[in-house]
Amino acid sequence: MAELNIKNVNKSFGTTDVLKGINLDIQDGEFIILVGPSGCGKSTLLNCIAGLEDVTSGDIMIGDDNVTYAAPKDRDIAMVFQSYALYPNMNVRKNIAFGLEIRKMPKDEIAAEVERVAKLLQIENLLDRKPSQLSGGQRQRVAMGRALARRPKTYLFDEPLSNLDAKLRVEMRTEMKKLHQRLGTTIVYVTHDQIEAMTLADRIAVMKDGIVQQFGTPQQVYDDPANIFVAGFMGSPSMNFLECSVVKTADGFGVQIESQGKTFELAADPAQADLSAYEGKNVVLGIRPEQITHVMPHVESQPFVTRVPVKIEVTEPTGADTLVLTHINGQECECRVHPTEAGNPGEQMDLLFNMSKAVFFDAQTENRI
Amino acid sequence: MRDTSKRYQPVTGRAILYGVLMIVAAYYLLPLILMILTSVRSMEDIRMGQLIAWPESFSLEAWRQAWSEVQIGARSETGLKPYFINSIKIVIPAVAISTILGALNGYVLSFFKFRGSDFFFAALLLGCFVPFQAILLPQSQLLGWLNLGGTIPGLVLTHVAYGVSFTTLFFRNYYVNLPHELVKAAKLDGAGFWTIFFRIILPISTPILVVTVIWQFTQIWNDFLFGVVFSDPSSQPVTVGLNNMVNSTTGETRYNVDMAGAIIAALPTIIVYVVAGKYFVRGLTAGSVKG
């Protein structure tokens, strides 16, 4: 167990800069998720931590050791790959034991360690099978087993669940979290799935174009996104972005929106943003679908809540809620309402815009105001 | 009523297909059958009757003669046996060395890329397009300098150098289709260059090993040009021996002995194909379909 510090790491392939000044301080025992769209450099960063790629500049520290130029085997890390990368010529037992054999562990200790890991992951009955005789979920467990057997300081996971079907993925997600609680070791986990990121992480690093856009707890990243990219990436269905102009209201500032030819003023919570510098200019209002609901009297009486009639264009029932698509300021806007309250497409409906959690972005820089 | 004539169309199509396949098979098999038949006939039989005829008698005498008795050129040893042994002495080390080198090259070019490795691979591939004839003079010069002219090691070296382009191509194309994460995982497990090669990569290379061995074996065993140019009488391979045998006539052409000799010379390649043929097809298509 150890903390992991990534200091100003850059990585270029030829003239292409893949990582641009990455800084991450990861505490001992933290579950860190690197999330971002494909090509954002998250897997490259993981490979750099593992030592499978050399960094162009910067330092990687594990505990007190600078491992920037250490060979992968000397970093005391284990990695689980997306394709699992099980050795096809060896059975499960040999796969798990391989790393221990290379490290010249005595035979009886290896056998004991394989037993321990197999028990932990409930794969005792699979030990004599070849990888080709295993299902996807079983292969995934074996790949985890191979990583666990060495008892490394740090675990790296490269999209380990993305090859599983949806149901199994949810199951394994829970198991992964249990496992981390039991082991308490540092984990760095790469995924492009924002739900995986939200549910598993102690802290999330959202990456784009080789830059860490935001590094924080799931709730921080969700409620306080640093820019439009982070706000749009985290959460499903994603946040609505409405470009609108800032106006002065009775006691502060707000934004003006237009629905069906009528204009409405939405008062902004000054605790969320100081809009005084933007009066008369356009900003991007970021408001999540669950903050636009059907009319509920106890909500309507709260501050920063405005009632707006809209025209329903499309409805998408999800069971628990129904998503209603409409147009605000000529831009698409998705709202989450109770199934029984949702009207039919083409009908009119009153919605409550709750601005207490709304965020604002600069229209040019796309950064948070 | 349904139109029943359509139902027979696939059957007819199949019949035509099998018919064509049988004709093609016969086209390839008939010469071999004729050779076998002629080789077990006696010269008497051949002289009196037709050249193509059913054997009147059965005898392996011609095989015995071709193997150990027939006078080839003016050398003191008789029969194809010494040539056959030479061929084995050439083929086994040449196939083994060129295959291992190809596997290593392919391994490095796929998983341990270095600056210029793509250029290196392209340059190596050019070797596949160099005709035998083009390297005869420089190679004989080289063998002369190395003092290997006319020796079996000289022939082995020639075949290894010529074959390594092909074997590298085979292995490299097989290995680029393996997941790179396999090697990454092994590195993290602490395995080094050679451990990864011998414990992970080589054990899963069986299909391409079989392809390469068959390819190299056939090429080297059937080679005549290198065998005739870079050898002296003590190191000539069986192809040269067969040629000399057929051309050293004493009066009459002994068709039965010639046929038996030709079959003897071709036997090892036939055996290799029969034993490993299905792996050959499997190996050629490996990588195109995900296992």
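Residues numbered from 1 in each chain as written. Chains lettered and ligands numbered in written order. Predicted model: local features only at pLDDT ≥ 70, side-chain atom pairs only at ≥ 80, totals over all residues.

1. Side note on the overall build of chain A
In step 1: A count of helical and extended segments in chain A gives 9 helices and 21 strands.
In step 2: Taken over 369 residues, chain A has a buried fraction of 42%.
In step 3: Considering only intrachain contacts with a sequence separation of at least 6, the fraction spanning at least 24 residues in chain A is 66%. (Helix = DSSP H or I, 4+ residues; strand = E, 2+ residues; numbered from the N terminus. Buried ≥ 20, exposed ≤ 12 C-beta atoms within 10 Å, placed from the backbone. Contact = placed C-beta atoms within 7 Å.)

2. Description of the overall build of chain B
In step 1: Scanning chain B from terminus to terminus reveals 13 helices and 0 strands.
In step 2: Going residue by residue from the N terminus, the α and β elements of chain B occur as α-α-α-α-α-α-α-α-α-α-α-α-α.
In step 3: Taken against the 2.2 N^0.38 rule, which gives 19 Å for 291 residues, the C-alpha radius of gyration of chain B at 24 Å runs more than 25% over that of a compact globule.
In step 4: Judged by the C-alpha coordinates and their principal axes, chain B covers about 85 × 75 × 30 Å. (Rg over C-alpha atoms; globule rule 2.2 N^0.38 Å.)

3. Quick look at the packing of helix 3 (residues 107-121) of chain A against helix 4 (residues 136-149) of chain A
Angle between the axes and distance between the axes: these two values describe a pair of packed helices.
Residue and element names in this part refer to chain A.
In step 1: Viewed as axis vectors pointing N to C, helix 3 and helix 4 meet at an angle of 135°, and their least axial separation amounts to 9 Å. By the angle between their axes, helix 3 is oblique relative to helix 4. As helix 3 packs across helix 4, the resulting crossing turns out to be right-handed. Contact residues: Glu113, Val114, Val117, Ala118, Leu120 and Leu121 in helix 3; Arg141, Met144, Gly145, Leu148 and Ala149 in helix 4.
In step 2: Considered class by class, the residues forming the contact of helix 3 with helix 4 number 8 nonpolar, 1 polar and 2 charged. (Axes fitted to C-alpha atoms, helices over the stretch in contact; angles between N-to-C directions. Parallel < 35°, antiparallel > 145°, perpendicular 65-115°, else oblique. Left-handed = near helix turned anticlockwise from the far one by under 90°. Nonpolar A, V, L, I, M, F, W, Y, C, P; charged D, E, K, R; others polar.)

4. Examining the environment of B:Ser68
All names here are of chain B.
In step 1: Mapped onto the secondary structure, Ser68 falls in helix 3 (residues 61-69).
In step 2: In this structure, the C-alpha to C-alpha distance between Ser68 and Ala265, residues 197 residues apart in sequence, is 13 Å.
In step 3: Contacts of Ser68, omitting those with residues within four sequence positions, involve Thr78, Gly79 and Lys81.

5. Examining the sheet that holds strand 1 (residues 4-13) of chain A
All names here are of chain A.
In step 1: Strand order in the open sheet made by the 4 strands is 2-1-4-5, with antiparallel pairing throughout. Both edges of this open sheet fall to strand 2 (16-26) and strand 5 (65-66), since each of them pairs with a single strand only.
In step 2: Pairing between strand 1 and strand 4 (residues 57-62): 5 bridges, direction antiparallel. Along strand 4, the bridge assignment pairs Ile6 with Ile60.
In step 3: Across the sheet, helix 1 (residues 42-50) touches strand 1, strand 2 and strand 4, and the angle it forms with strand 2 is around 65°. (Pairing = 2+ DSSP bridges.)

6. Side note on the packing of helix 4 (residues 81-111) of chain B against helix 12 (residues 238-247) of chain B
All names here are of chain B.
In step 1: In the contact formed by helix 4 and helix 12, the axes pass within 7 Å of each other and the chain directions differ by 155°. Considered as vectors, helix 4 and helix 12 are oriented roughly antiparallel to each other. Residues Tyr83, Phe84 and Ser87 of helix 4 pack against Val238, Val240 and Gly241 of helix 12.
In step 2: Among the residues making up the contact of helix 4 with helix 12, the classes are represented as 4 nonpolar, 2 polar and no charged.

7. Comments concerning the interface of chain B and chain A
Often, the extent of an interface is quoted as the loss of accessible area on bringing the components together.
In step 1: In this assembly, 14 residues from chain B lie in contact with 17 residues from chain A.
In step 2: Breaking the side of chain B that touches chain A down by element, the ones donating at least two residues are helix 8 (181-188) and helix 9 (193-201) of chain B.
In step 3: Per-element accounting of the side of chain B that touches chain A gives the leading share, 6 residues, to helix 8 of chain B.
In step 4: Considering only residue class, the side of chain B that touches chain A consists of 8 nonpolar, 2 polar and 4 charged.

8. A few points about the sheet that holds strand 10 (residues 211-216) of chain A
All names here are of chain A.
In step 1: In spatial order, the strands read 6-7-8-3-9-10; together these 6 strands make up an open sheet with mixed pairing. Of all the strands in the sheet, the pair left with one neighbour each is strand 6 (77-80) and strand 10. The mean inter-strand angle of the sheet, taken between neighbouring strand axes irrespective of direction, is 15°.
In step 2: Bridging between strand 7 (residues 154-158) and strand 8 (residues 186-191) involves 5 bridges; their strand directions are parallel. The residue of strand 8 that forms the bridge with Asp158 is Val190.
In step 3: Against the sheet, helix 4 makes contact with strand 6 and strand 7, and its axis sits at roughly 175° relative to strand 6, the strand it touches most.

9. A few points about the pairing of strand 6 of chain A
All names here are of chain A.
In step 1: Both faces of strand 6 are covered, namely the face carrying Ile77 and Met79 and the face carrying Ala78 and Val80.
In step 2: One ladder, built from 4 bridges, connects strand 6 with strand 7; its direction is parallel. Counted as the bridge partner of Ile77 is Thr154 from strand 7.

10. Some remarks on the environment of A:Ile26
In step 1: On the secondary structure map, A:Ile26 appears in strand 2.
In step 2: Excluding residues that lie within four positions of it along the chain, A:Ile26 makes contacts with A:Glu3, A:Leu4, A:Ile32 and A:Thr186.

11. Focus: the domain arrangement of chain B
Residue and element names in this part refer to chain B.
In step 1: We note that the domain assignment places domain 1 (5-61) and domain 2 (81-285) within chain B.
In step 2: Relative placement of domain 1 and domain 2: their C-alpha centres are 33 Å apart.
In step 3: Facing 8 residues of domain 1, the contacting portion of domain 2 comprises 7 residues.
In step 4: Taken together, the elements giving at least two residues each to the side of domain 1 that touches domain 2 come down to helix 1 (9-39) and helix 2 (43-48).
In step 5: In terms of residue count, helix 1 provides more of the side of domain 1 that touches domain 2 than any other element does, 4 residues in total.
In step 6: The residue makeup of the side of domain 1 that touches domain 2, split by class, is 4 nonpolar, 3 polar and 1 charged. (Domains from an automatic or database assignment.)

12. A closer look at the domain arrangement of chain A
Residues and elements named next belong to chain A.
In step 1: When its domains are assigned, chain A resolves into domain 1 (4-233) and domain 2 (240-362).
In step 2: On the domain 2 side, the residues contacting the 6 residues of domain 1 number 6 residues.
In step 3: With 3 residues, helix 8 (residues 228-233) is the single largest residue contributor to the side of domain 1 that touches domain 2.

13. Side note on unusual backbone geometry
All names here are of chain A.
In step 1: A cis amide bond, omega -5°, links Ser236 with the succeeding residue Pro237.
In step 2: One can find Pro237 in the loop between helix 8 and strand 11 (240-249).
In step 3: Look at Asp76: it is not a glycine, yet its phi comes out positive at around 55°.
In step 4: Although it is not a glycine, Lys104 sits at a positive phi angle of roughly 60°.
In step 5: For Lys104, the position within the fold is in the loop between helix 2 (92-102) and helix 3.

14. A closer look at the environment of B:Ser165
Residue and element names in this part refer to chain B.
In step 1: On the secondary structure map, Ser165 appears in helix 7 (residues 152-175).
In step 2: On the basis of neighbour counts, which here come to 20 C-beta atoms within 10 Å, the residue Ser165 falls in the buried class.
In step 3: As for Ser165 and Val210, which are separated by 45 residues in sequence, their C-alpha atoms are 17 Å apart.
In step 4: Residues in contact with Ser165, not counting those within four places in the same chain, are Leu124, Leu125, Gly127 and Cys128.

15. A look at the confidence of the model for chain B
Residue and element names in this part refer to chain B.
In step 1: Scored by pLDDT, chain B comes out at a mean of 87, with 93% of its residues at no less than 70.
In step 2: Looking at the elements of chain B, mean pLDDT is at its lowest for helix 2, recorded as 80, and at its highest for helix 4, recorded as 95.
In step 3: Of the regions scoring below 50 in pLDDT, residues 287-291 engages in 2 contacts with residues more than four places distant in sequence or in other chains.
In step 4: Our summary of model confidence lists the complex with pTM equal to 0.81 and ipTM equal to 0.81. (pLDDT = per-residue confidence, 0-100.)

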